[in-house]
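# Fold and geometry: a report
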Amino acid sequence: MTGTSRPDLISTRQARIAALAEQAPDMRLTTLSHHIDIDWLKEAYGRTRKDGAPGIDGLTAADYEANLEENLQSLLNRAKTGRYRAPAVRRVHIPKGTGKETRPLGIPTFEDKVLQRAVLMVLEAVYEQDFLDCSYGFRRGRSQHDAIKAIWKATMNLRGGWVVEVDLRKYFDTVVHKHLREILSQRVRDGVLVRLIGKWLNAGVMEDGELWFPKQGTPQGGVISPLLANLYLHAVLDEWFANTVKPRLEGVAYLIRYADDFVIVCRHKRDAERLMDVLPKRFEKYGLAVHPTKTRLVDFRHPDDDAEERSRGPGTFSFLGFTHYWGKSRKQQWIVRRKTAKDRFTRTMHRLHEWCRMNRHLKVRYQHEQLDKKLEGHDRYYGITGNWQALSRLRQALRRTWKTWLGRRSQTGYVSWDRFNRLLATYPLTPPRIYHRV
């Protein structure tokens, strides 16, 4: 690509935006869009995924790159003059679990992704200075495993305590645009950026050939949507908890949030009960709702604390696909341990079962290569300290499934365990691996 951007220069300009935002935390920034020029768009193009599904216009990254210079210049002119029209988002539904429940996913056009990425590069530099340490989702340098490690530290520091496990109902679909605009205006008042964000919020949704315009929510799949959703909960939950709730609690409490998933760990039961009572009211004020059955208070105190009061022992809670529970270490000391949550294990096994069923006719060597890749991908997320047993159980279950479907390649294709074990000697499944020491 001729005339490519200089990433180091773009990073320097982002650092200047960040420095200004950090030095003036109460300032409403009105001049930010001038940073978005042709070089900025080229860098945004470079950071945009090229293998994603096309939007409603059917154009791919390769189609757009064929005339890149003119396309980016035209995009810049339309964005700055207000002539840019946000195209409708193509909506598809992806499986949410092992049942019939699905999750809506919005797919913008490739050009829209580039412009959203350019705006995101500006806003990230601003809001990274405002976001609190309790927030881990959709932030550079932070991950799910950082949030899991933070929960481990919080529960160990408090010897467990009381855990408020909260589930927000259809969060991304219920964000109120009016409140989001008000929250955005408290920090960013650049006319170009505010106008573009308003167009994306009001962009239509194309589903099954029908176009409709949602009045609330941020479409999952949009490049800018994660930051907007994060910003909403930053104001509704994070700042409120830090500035209003914590000073009124009797004991220590920790909030750990990843996107719309969060837990609150409290030292005292009374504080946790008060939070259980006030959280639904707080979210209702901003158009959000907690799930009545999935939101619960968990007695997660240390097994040695008030053991006589709890004949069944301490409870467990799940967060980001891991079940947290008390267990003994190798030195026979009580520690907080983590294992793959039951629903996540079942979902993974269901997908492996379906893959083996649909691909049983392919060569064994190819099946082995693909299954190894799937196991490696699973371990890269679930391979954390103390979860070795769950990783091993997955492989045991996969061996049984693989043997079953290899034996159904034909009416006379039964595979005995002796024969299958000989096959495993040639094509062994990759052993469990711990990737994260958290």
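One can find the structure itself at the top, above this paragraph.
Residues numbered from 1 in each chain as written. Predicted model: local features only at pLDDT ≥ 70, side-chain atom pairs only at ≥ 80, totals over all residues. Heavy atoms only, no water.

## Structural notes on unusual backbone geometry
Residues other than glycine seldom take positive phi values, yet Asp208 does so here, at roughly 55°. Residue Asp208 is classed as exposed on the basis of its relative accessible area of 74%. Of note, Gln332 is a non-glycine position whose phi angle comes to about 65°, a positive value. Mapped onto the fold, Gln332 is located in the loop between β10 (322–328) and β11 (334–340). (Buried < 20%, exposed > 50% of the residue type's maximum accessible area, 1.4 Å probe, protein only. Helix = DSSP H or I, 4+ residues; strand = E, 2+ residues; numbered from the N terminus.)

## Thoughts on the sheet that holds strand β6 (residues 253–258)
A sheet is described by the order of its strands in space; here four strands give the open sequence β6-β7-β3-β8, paired in antiparallel fashion. Of all strands in the sheet, those with a lone pairing partner are β6 and β8 (296–299), marking the two edges. Averaged over all adjacent pairs, the angle separating strand axes in this sheet is 20°, with direction ignored. When β6 meets strand β7 (residues 261–266), the two strands line up antiparallel, connected through six bridges. Bridged to Arg257 within β7 is Phe262. Contacts from helix α6 (residues 144–157) reach β6 and β7 within the one sheet, and its direction differs from that of β6 by about 165°. Most of the contacts of helix α10 (residues 225–245) go to β6, to which it runs at about 175°, and overall it touches β6 and β7. (Pairing = 2+ DSSP bridges. Axes fitted to C-alpha atoms, helices over the stretch in contact; angles between N-to-C directions. Contact = heavy atoms within 4.5 Å.)

## What about the layout of surface pockets?
Computed from the structure, the second largest pocket encloses a volume of approximately 380 Å³. Lining the second largest pocket are 18 residues, and of these Arg49, Lys113, Arg117, Gly221 and Val223 lie nearest its centre. Among the secondary structure elements, those contributing two or more residues to the lining of the second largest pocket are β2 (102–107), α5 (110–127) and α10. Ranked by residue count, the leading element in the lining of the second largest pocket is α5, at four residues. (1 Å grid on protein atoms, 1.4 Å probe; cavity = no way out; pocket = protein on both sides within 12 Å on 5 of 7 lines; lining within 4 Å. Points joined across faces, edges and corners; volume = space filled by probe spheres on them.)

## Points about the side chain of Asp379
Mapping Asp379 onto the fold places it in helix α13 (residues 364–382). Classification of Asp379 by relative accessible area gives buried; the value is 2%. With residues near it in sequence (within four places) discarded, Asp379 still touches Leu391, Arg395, Pro431, Pro432, Arg433 and Tyr435.

## Focus: the packing of α10 against helix α11 (residues 269–285)
Two elements in contact, α10 and α11, have axes separated by 11 Å at closest approach and are oriented at 140°. Considering their axes alone, α10 and α11 lie oblique with respect to each other. When the axes of α10 and α11 are compared, the crossing they make is right-handed. On α11, the residues that touch Leu233, Ala235, Val236, Leu237, Trp240, Phe241 and Val245 of α10 are Leu275, Val278, Leu279, Arg282 and Phe283. Taken together, the residues that form the contact of α10 with α11 break down as eleven nonpolar, no polar and one charged. (Parallel < 35°, antiparallel > 145°, perpendicular 65-115°, else oblique. Left-handed = near helix turned anticlockwise from the far one by under 90°. Nonpolar A, V, L, I, M, F, W, Y, C, P; charged D, E, K, R; others polar.)

## So, the pattern of salt bridges
One pass over the full model with this rule turns up 19 salt bridges. Of the charged contacts in the structure, one is a salt bridge between Arg47 and Glu43, with a shortest N-O distance of 3.0 Å. Here Glu43 and Arg47 lie together in helix α2 (residues 38–47), a separation of four residues that amounts to about one turn. Of the charged contacts, one joins Arg140 and Glu124 as a salt bridge, the two residues approaching to 3.8 Å between their closest N and O atoms. Note that Arg140 is positioned in the loop between α5 and α6 and Glu124 in helix α5, a separation of 16 residues in sequence. A relative accessible area of 56% places Arg140 in the exposed class. (Salt bridge = Lys/Arg side-chain N within 4 Å of Asp/Glu carboxyl O.)

## Section: the packing of α2 against α5
Contact pair α2 / α5: the axes reach a minimum separation of 8 Å and the direction vectors enclose 110°. In terms of orientation, α2 and α5 fall into the roughly perpendicular class. α5 is crossed by α2, and the crossing has right-handed handedness. The segment α2 lies against α5, with Trp40, Leu41, Glu43, Ala44, Tyr45 and Arg47 engaging Phe110, Val114, Leu115, Arg117, Ala118, Met121 and Val122. Grouping the constituent residues of the contact of α2 with α5 by class yields ten nonpolar, no polar and three charged.

## Details of the nonpolar core
Among the nonpolar cores identified, the biggest contains 80 residues, and Ile36, Leu123, Tyr171, Trp200, Tyr232, Ile264 and Phe283 are the most heavily contacted of them. Residue contacts for Trp200: discarding those within four places in its chain leaves Tyr84, Ala86, Asp112, Leu115, Gln116, Val119 and Ile224. The next biggest cluster of nonpolar side chains, apart from the first, holds 27 residues, and it includes Ala150, Phe322, Ile384 and Leu391. (Core = buried A, V, L, I, M, F, W, Y, C linked by side-chain atoms within 4.5 Å.)

## Considerations on the packing of aromatic side chains
Per the counting criterion, the structure on display carries 14 aromatic pairs. Measuring from ring centre to ring centre gives 6.0 Å for Tyr127 and Phe131, while their planes differ by 20°; the resulting arrangement is stacked. Each member of the aromatic cluster is reached from another via a ring pair, and the members are Tyr45, Tyr64 and Phe110. Positioned over the ring face of Tyr136 is Arg142, at 4.7 Å from the centre of the ring. Positioned above the aromatic ring of Trp405, the side-chain terminus of Arg408 is 4.8 Å from the ring centre. (Phe/Tyr/Trp six-rings, centres within 6.5 Å; stacked < 30°, edge-to-face > 60°. Lys NZ or Arg CZ within 6 Å of the ring centre and 35° of its normal.)

## Some remarks on the pairing of β11
Alignment of β10 against β11, held across seven bridges, turns out to be antiparallel. Counterpart to Gly327 in the pairing with β11 is Ile335. Two successive antiparallel strands, β10 and β11, enclose a turn made up of five residues, where Gln332 displays a positive phi of approximately 65°.

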